[in-house]
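A closer look at the structure
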Amino acid sequence: MTEDDKRRVAAAYRAATRAGDAEAMAALCEPDAVTWHNHDDTEVDVERSARTLRWLHRTAPDVAWDDVAVTTTASGFVWQAVLTGTAPGGPLRAHTCTVVTLSASGRVVRTEEYLDSAALAPLTG
């Protein structure tokens, strides 16, 4: 994949995330793609990730990701952002780092999400 290819996938990934478009997100992924979370050390499949994305947008309807940096890597890209919004328990603000590995065909095969779970406390009310 070229650097431009990786940047195009990164832009589509960020747009789908921001829009809460779980179907668009899933379309960017290989069927067996996984997402790993640092806060609970678990891997989930694409469908579970899609459910979580939809839940987040329902729970904090004004949720937004403000880019800090988007960098291509040898195997994909890294997206650093600040997640903000209004959650049931008050204002939400969490620094995030998402490391995405792409397959040879340019689809997401692995996502690693790094964030401080304590910053997500407002989501649970």
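Above: the structure in question.
Here we summarise the structure given alongside this text. Here the structure is a predicted model, which means the values were calculated and not measured.

**A closer look at the pairing of strand β6 (residues 108-115)**
- As paired elements, strand β1 (residues 29-37) and β6 share five bridges and run parallel to each other. Paired with Trp36 across the strands is Glu112, a residue of β6.
- Linking two consecutive strands that pair antiparallel, namely strand β5 (residues 90-102) and β6, is a turn of five residues; a positive phi of about 85 degrees is found at Gly106 within it.

**Here's the deal with the sheet that holds β1**
- Pairing in this open sheet of six strands is mixed, and the strands run β2-β1-β6-β5-β4-β3 from one edge to the other. Each edge of the open sheet is held by one strand with a lone partner, namely β2 (42-45) and β3 (64-72). Across the sheet, the mean angle separating the axes of adjacent strands is 20 degrees when strand polarity is ignored.
- Sheet topology places β5 next to β6; seven bridges connect them, and they run antiparallel. Counterpart to Val99 in the pairing with β6 is Glu112.

**Brief notes about helix α1 (residues 3-19)**
- End to end, α1 covers 24 Å across 17 residues, agreeing with the expected 24 Å (1.5 Å per residue, within 8%).
- Residues Lys6, Val9, Ala10, Tyr13, Arg14, Ala16 and Thr17 constitute the buried set of α1. Relative to the axis of α1, the buried residues are bounded by an arc of 165 degrees and lie together on one face. Away from its buried face, by an angle of more than 90 degrees, α1 presents the exposed residues Arg8 and Ala19.
- Among the residues trailing α1, Gly20 stands out with phi positive, at a value near 70 degrees.

Analysis parameters
- Residues numbered from 1 in each chain as written.
- Predicted model: local features only at pLDDT ≥ 70, side-chain atom pairs only at ≥ 80, totals over all residues.
- Heavy atoms only, no water.
- Pairing = 2+ DSSP bridges.
- Helix = DSSP H or I, 4+ residues; strand = E, 2+ residues; numbered from the N terminus.
- Axes fitted to C-alpha atoms, helices over the stretch in contact; angles between N-to-C directions.
- Expected span 1.5 Å × (residues − 1).
- Buried < 20%, exposed > 50% of the residue type's maximum accessible area, 1.4 Å probe, protein only.
- Arc of directions from axis to C-beta.

In short, the description is geometric, and any link to function would need to be established separately.
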